[in-house]
Amino acid sequence: MSFSSTLAAIDGWLAEYAPLTLRDLPPPATAAELAAVRAQLGVDLLKDVEELLRWHNGAGRARPPFCLAPGFAFLGTADMVAMSRRRIAEDADRPMWRSWNRQWLPVASGRRGSCLAVDHAESDTHGNVVISSTDDGRDGPRTWPDLGALLSRSYQAMRYGNPFMKSRRTVLHGRLDWEEA
């Protein structure tokens, strides 16, 4: 399924099963908001990231928030820029151990400082989605080949109720949430 089709399918599923979650999603990012993200990264946005932000500009303020993957709340452009700046500053304070790449864009925020970041660097990991943490983890981070693969997997878990990332979707009073599976 194409990235656009996945986003449309998520909207359709939310409209039918979790309409309050869909209602709470903000409108698309403006050209100025997209420009602020580009300026922070110093490179153009990947097509899928720009399309994601033109779909909705984050999860909004509703609780529980809309998650791009279980436990990872969809960030809007302002929060993406703020988190990126914070992670760059944290790395500057500990020069011996860097956990952040300046051309990673945080797209979702998780527990205890973790986030989903899309790699915009010109490297062999260009476009990958990584779980980044501020913890000094010994294992390498989990990755997906691109944002489309991650969202497709999240949509399948939403649609069929199968576990993903040790969680299973629930819907209560018109709102989508994830609980431990």
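> An account of the packing of aromatic side chains is requested, with residue identities and associated values reported.
A full pass over the atoms with the stated rule returns five aromatic pairs. Note on Trp13 and Tyr17: the rings are 5.2 Å apart at their centroids and 35° apart in plane angle, and the pair reads as tilted. Separated by four residues within a single helix, Trp13 and Tyr17 lie in helix H1 (residues 3-17), roughly one turn from each other. Relative accessible area serves as the criterion here: at 42%, Tyr17 is assigned to the partly exposed category. For the ring pair Trp55 and Phe66, a centre distance of 5.9 Å and an interplane angle of 70° mean the geometry is edge-to-face. Taken together, the residues span a long stretch of sequence, with Trp55 in helix H4 (residues 47-55) and Phe66 in the loop between H4 and strand E1 (67-69) at a distance of 11 residues. Among the residues examined, Trp55 registers a relative accessible area of 11% and is labelled buried.

> Could you give me a rundown of the sheet that holds strand E3 (residues 104-109), with the residues and numbers involved?
What the six strands build is an open sheet, ordered E1-E2-E3-E4-E5-E6; its pairing is antiparallel. Across the chains shown, the open sheet's two edge strands, defined by having one partner strand only, are E1 and strand E6 (143-144). Looking at chain direction, strand E4 (residues 115-119) and strand E5 (residues 129-132) are connected through four bridges and run antiparallel. Counted as the bridge partner of Leu116 is Ile131 from E5. Strands E1, strand E2 (72-74), E3 and E4 of the sheet are contacted by H4, whose axis makes an angle of about 70° with E2.

> Residues and numbers for the pattern of salt bridges, please.
Using the criterion set out here, one finds seven salt bridges in the structure. A salt bridge links Glu50 to Arg54; its shortest N-O distance comes to 2.8 Å. In this pair, Glu50 and Arg54 are both assigned in helix H4, four residues apart and thus about one turn of the helix distant. A relative accessible area of 18% means that Glu50 is categorised as buried. Arg61 serves as the salt-bridge partner of Asp79, at 3.8 Å between the closest nitrogen and oxygen. Residue Asp79 is located in helix H5 (residues 77-92), and its partner Arg61 is located in the loop between H4 and E1; the two are separated by 18 residues in the primary sequence. Using a relative accessible area of 71% as the deciding quantity, one classes Arg61 as exposed. One salt-bridge network, held together by shared partners, links Arg23, Asp24 and Arg175.

Reading the values: the criteria
Residue numbering note: each chain is counted from 1, following its sequence as written. Whole-chain, interface and lining totals are the exception, using all residues; otherwise, since this is a predicted model, local features are given only for residues with pLDDT of at least 70 and side-chain atom pairs are given and counted only at 80 or more. Water and hydrogen atoms were dropped before computing side-chain values, which therefore reflect all heavy atoms in the structure. A pair of aromatic rings is counted whenever rings of Phe, Tyr or Trp (Trp by its six-membered ring) have centres within 6.5 Å, and the orientation is called stacked for planes under 30 degrees apart, edge-to-face for over 60 and tilted otherwise. Put simply, DSSP marks the helices as runs of H or I at least four residues long and the strands as runs of E at least two long, and each gets a number from the N terminus on. Relative accessibility decides the category of a residue: with a 1.4 Å probe and only protein chains considered, values under 20% of the type maximum give buried, values over 50% give exposed, and everything between is partly exposed. Any two strands are treated as partners once DSSP identifies two or more bridges connecting them. Should any heavy atoms of two residues lie within 4.5 Å, those residues are counted as being in contact. Angles here are taken between N-to-C directions and fall from 0 to 180 degrees, while the axes themselves are lines fitted to C-alpha atoms, restricted in helices to the stretch in contact. Salt-bridge detection follows one rule: a side-chain nitrogen of Lys or Arg within 4 Å of a carboxyl oxygen of Asp or Glu.

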